[in-house]
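# Results of the structural survey
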Amino acid sequence: MERFDRRIFNFDASDGPVLADAAGLLVAPGETIDEFRSRLERLFAWRRDFLGALKRDGRAAVAPGLTVRADSAVDDGVFAEAAEVTERLYGFAVNWVPGFYLTEPLGFFWGGCSWTDPADGQAVFTLRSAFQRRSRWLWYDRTELAAHELCHIAHAPVSDPSLEEFFAYRSGRGRLRRVLGNCFVHDWDALIFMVPSLLLFCAQLGVAMGWWSVAMWPFWLLTFGGPGYLLLRSEHAVNRWRRARRRLLAAGVGSPDPVLFRLTAAEIRELSALPEAEVASWLNTPRDLRFEVLRKRFVPAGGGENE
């Protein structure tokens, strides 16, 4: 599984971080070149140890209670298919992260997931074992799902969940999933979606059984209000993304999506509120290594200045 280009470790060359970025190894906000180098060293040290244990024992743990087998590795063809999607959308092609088909059951509708931990360098993703035999299962497409998980892994250094699901779900063709996906940003969002419905059920059950007599309209209000809040929050964030995207296009940035993928929600909000005449100056303001890389890769010669 030695797929990655080792030139990304050539940090003495000006294109070292640029090559890393193209491989889906993004610079984190505020990260220096030394911090970036240290993080990549942790990542590949974890990778080396993980693959070593996999080769030695035939299986290795990816999470507490979850193990993968050496013979269940995702093949290069799936990586290549997913890379076509992520390259087109966000300008990166991940070919270094270990990927596996997970045989242990995690629920009937489960399709895949990823794990990242910057502290020890862990980065790995899994797909449902059904995808080892076929490219589609239920409403899931293997290429879209692999691209989705690789978007999560690549975006992890940005460490801002506000639009992460939105970015990841753009790898798929299903409009409903793209609309609903970004509703679930935080761990507690599922509770906001589910708890009101559970309260409504309990209230109706109590009334039907004669345990109490209460007005039902507050429970119906909560039932629709919870999902409504999640949808409105998501749409508000996506609208900021749309405005920021229009600002970049007006400034001459022909590939705005890769730029936005590498920005935090606060930076997208700031960019979306700028007058078009100030966007080029904003892009060229010295900030950190991350902005140096995205300018080299995605901002046209001349710094995105309006003509």
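Look up: the structure comes first, before these words.
Here's what I pulled together on the structure shown here. In this text, all values refer to a predicted model and were calculated from it rather than measured experimentally.

## With respect to the overall build of the protein chain
The helix and strand inventory of the protein chain stands at twelve helices and seven strands. Each principal axis of the C-alpha atoms in the protein chain carries an extent, and together these give about 75 × 60 × 35 Å. Within the protein chain, buried positions represent 49% of all 307 residues. For the protein chain, long-range pairs separated by at least 24 residues make up 65% of all intrachain contacts whose partners lie at least 6 apart in sequence. When the accessible surface of the protein chain is split by element, carbon and sulfur atoms take 57% of a total near 15,400 Å². For the protein chain, the distance from the average position of its 37 positive side-chain charges to the average position of its 38 negative side-chain charges is 5 Å.

## Digging into the pattern of salt bridges
It is possible for side chains of opposite charge to pair when their charged atoms get near one another. A full pass over the atoms with the stated rule returns twelve salt bridges. We note a salt bridge from arginine 37 to aspartate 34, for which the minimum N-O separation is 2.8 Å. Placement of the pair is arginine 37 and aspartate 34 together in helix 2 (residues 33-57), with a separation of three residues, close to one helical turn. Assessed through its relative accessible area of 25%, arginine 37 is described here as partly exposed. Here arginine 290 makes a salt bridge to aspartate 288, at a shortest N to O gap of 3.3 Å.

## Let's talk about the packing of aromatic side chains
Summed over the entire model, instances satisfying the criterion amount to 13 aromatic pairs. Ring geometry for phenylalanine 44 versus tryptophan 96: centroids 6.1 Å apart, planes at 65°, classification edge-to-face. Of the two residues, phenylalanine 44 is situated in helix 2 and tryptophan 96 in the loop between helix 3 (76-90) and strand 3 (99-102); the sequence distance between them amounts to 52 residues. The exposure class of phenylalanine 44 is buried, given its relative accessible area of 8%. Residue tryptophan 96 is classed as buried on the basis of its relative accessible area, which comes to 2%. Aromatic pair tryptophan 46 and phenylalanine 50: ring centres 4.8 Å apart, planes at 15°, arrangement stacked. Highlighted residues: tryptophan 46 and phenylalanine 50, both in helix 2, separated by four residues, approximately one helical turn. Both residues of the pair, tryptophan 46 and phenylalanine 50, belong to the buried class.

## Brief notes about helix 10 (residues 265-272)
Among all positions in helix 10, only Ala265, Glu267, Ile268, Leu271 and Ser272 are buried. The buried residues of helix 10 occupy an angular sector of 160° when the element is viewed end-on, so they sit on one face.

## Notes on a nonpolar patch on the surface
Side chains of Leu198, Phe201, Leu205, Val207, Met209, Trp211, Trp212 and Val214 sit close together on the surface and give an oily, nonpolar patch of about 810 Å² of accessible area. In this fold, methionine 209 is placed in helix 7 (residues 189-209). For methionine 209, a relative accessible area of 51% gives the class exposed.

## A few points about the sheet that holds strand 3
In space, the three strands of this open sheet follow the order 3-5-4, with mixed pairing throughout. With partners counted over all chains shown, the strands left at the sheet margins are strand 3 and strand 4 (112-117), one partner each. Adjacent strand axes in the sheet meet at a mean angle of 25°, parallel and antiparallel pairs treated alike. Looking at chain direction, strand 4 and strand 5 (residues 122-128) are connected through six bridges and run antiparallel. Each residue of the ladder has a partner; that of glycine 112, found in strand 5, is leucine 127.

## With respect to the environment of tryptophan 137
Turning to its location among the elements, tryptophan 137 is positioned in strand 6 (residues 136-137). Residue tryptophan 137 is classed as buried on the basis of its relative accessible area of 10%. Here the alpha-carbon distance between tryptophan 137 and phenylalanine 109, two residues 28 residues apart in the chain, equals 9.8 Å.

## Description of the nonpolar core
Core analysis: the biggest nonpolar cluster contains 64 residues, and Trp96, Val97, Phe125, Phe167, Leu260, Leu263 and Leu271 have the highest contact counts within it. Per-element accounting of this core gives the leading share, seven residues, to helix 4 (residues 142-155). Leave out the neighbours within four places in its chain, and leucine 271 touches Ala244, Arg247, Leu248, Leu260, Leu263, Val279 and Trp282. Of all hydrophobic cores here, the second largest spans 15 residues; its members include Leu51, Val62, Leu102 and Val124.

## Examining helix 3
Taking 1.5 Å per residue as the helical rise, helix 3 with its 15 residues ought to reach 21 Å, and the 20 Å between its terminal C-alpha atoms agrees with that figure. Burial in helix 3 covers these residues: Val78, Phe79, Ala82, Ala83, Val85, Thr86, Leu89 and Tyr90. For helix 3, the elements touching its buried residues are strand 3, strand 5, helix 4, helix 5 (164-169), helix 9 (256-261) and helix 12 (289-298). You can read the cap of helix 3 off the contacts: a side-chain oxygen lies 2.9 Å from the backbone nitrogen of glycine 77, and it is on aspartate 75. Of the residues flanking the end of helix 3, it is glycine 91, one or two places downstream, whose phi is positive at about 75°.

What counts as what
- Residues numbered from 1 in each chain as written.
- Predicted model: local features only at pLDDT ≥ 70, side-chain atom pairs only at ≥ 80, totals over all residues.
- Heavy atoms only, no water.
- Helix = DSSP H or I, 4+ residues; strand = E, 2+ residues; numbered from the N terminus.
- Buried < 20%, exposed > 50% of the residue type's maximum accessible area, 1.4 Å probe, protein only.
- Contact = heavy atoms within 4.5 Å.
- Areas by Shrake-Rupley, 256 points an atom, 1.4 Å probe, with all protein chains shown as cover.
- Lys, Arg positive; Asp, Glu negative; His and termini not counted.
- Charge placed at Lys NZ, Arg CZ, Asp CG, Glu CD.
- Salt bridge = Lys/Arg side-chain N within 4 Å of Asp/Glu carboxyl O.
- Phe/Tyr/Trp six-rings, centres within 6.5 Å; stacked < 30°, edge-to-face > 60°.
- Arc of directions from axis to C-beta.
- Patch = residues over 30% accessible without salt bridge, like charges linked within 9 Å, V, L, I, M, F, W, Y side chains within 5 Å.
- Pairing = 2+ DSSP bridges.
- Axes fitted to C-alpha atoms, helices over the stretch in contact; angles between N-to-C directions.
- Core = buried A, V, L, I, M, F, W, Y, C linked by side-chain atoms within 4.5 Å.
- Expected span 1.5 Å × (residues − 1).
- Polar contact = N/O pair within 3.5 Å; in protein donor to acceptor, adjacent residues only side chain to side chain.

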